[in-house]
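Observations on chain architecture
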Number of protein chains: 2
Amino acid sequence: MQELVGSIAAFLTTVAFVPQAYKVYKTNQTKDLSLFLFLIFSLGVFMWLIYGIMKEDSPIMIANSITLFLSLYILYKKISIDNSEKSI
Amino acid sequence: MQELVGSIAAFLTTVAFVPQAYKVYKTNQTKDLSLFLFLIFSLGVFMWLIYGIMKEDSPIMIANSITLFLSLYILYKKISIDNSEKSI
């Protein structure tokens, strides 16, 4: 039962970032997003990925690889859009 | 060593939400935030909290209680601000 709850939790906290990544992709609007949220969160998810590799735990590795990709995409868009708005 | 990496990862993915909660508190701007990110993420973090309770693992319980509070705060502001803008 615990493993089921853990898997559902991992799945939800991973896919949760898909709608935000999609919204940023469609709107190119990132003003209200906190740069530090995605900077610190990406670093934290990267650490979870290292943790999963150390423990040879594939669910942790897979979930955090996906979340890292989504979080870094949003971070990249946030930085590039903010910079382009500054240069106008 | 693994426990250290896991604790740093848990700490970072918890405190990451503080700057976003602060930004929402200060600016009252949530348009660019995805409602589904904070809805699904809150649900996922709640499941991690249940997981921590089942495993009697206090670091997991503490980290996810803090993250749940921050995520629900942002979700509440997102819903209330979006609704108030619709009623104008």
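Our subject is the structure that appears above.
Read on for a plain summary of the structure. (Residues numbered from 1 in each chain as written. Chains lettered and ligands numbered in written order. Predicted model: local features only at pLDDT ≥ 70, side-chain atom pairs only at ≥ 80, totals over all residues. Heavy atoms only, no water.)

**Digging into the interface of chain A and chain B**
Each partner contributes to the interface: chain A provides 36 residues, whereas chain B provides 36 residues. Roughly 3,300 Å² of surface becomes buried between chain A and chain B when both sides are summed, with 74% attributable to carbon and sulfur atoms. It is A:Gln2, A:Asp32 and A:Leu37 in chain A that bury the most area against chain B; as a group they hold 19% of the surface buried on that side. Our enumeration of links across chain A and chain B arrives at 0 salt bridges. There are 13 residue pairs in polar contact (both at pLDDT 80 or more) connecting chain A and chain B. When residues of the side of chain A that touches chain B are traced back to their parent elements, those giving at least two are α1 (2-15), α2 (17-27) and α3 (35-54) of chain A. Considering every element that reaches the side of chain A that touches chain B, the biggest residue donor is α3(A), with 12 residues. Counted by class, the side of chain A that touches chain B contains 22 nonpolar, 8 polar and 6 charged residues. (Contact = heavy atoms within 4.5 Å. Buried area = accessible area lost by both parts, 1.4 Å probe. Salt bridge = Lys/Arg side-chain N within 4 Å of Asp/Glu carboxyl O. Polar contact = N/O pair within 3.5 Å; in protein donor to acceptor, adjacent residues only side chain to side chain. Helix = DSSP H or I, 4+ residues; strand = E, 2+ residues; numbered from the N terminus. Nonpolar A, V, L, I, M, F, W, Y, C, P; charged D, E, K, R; others polar.)

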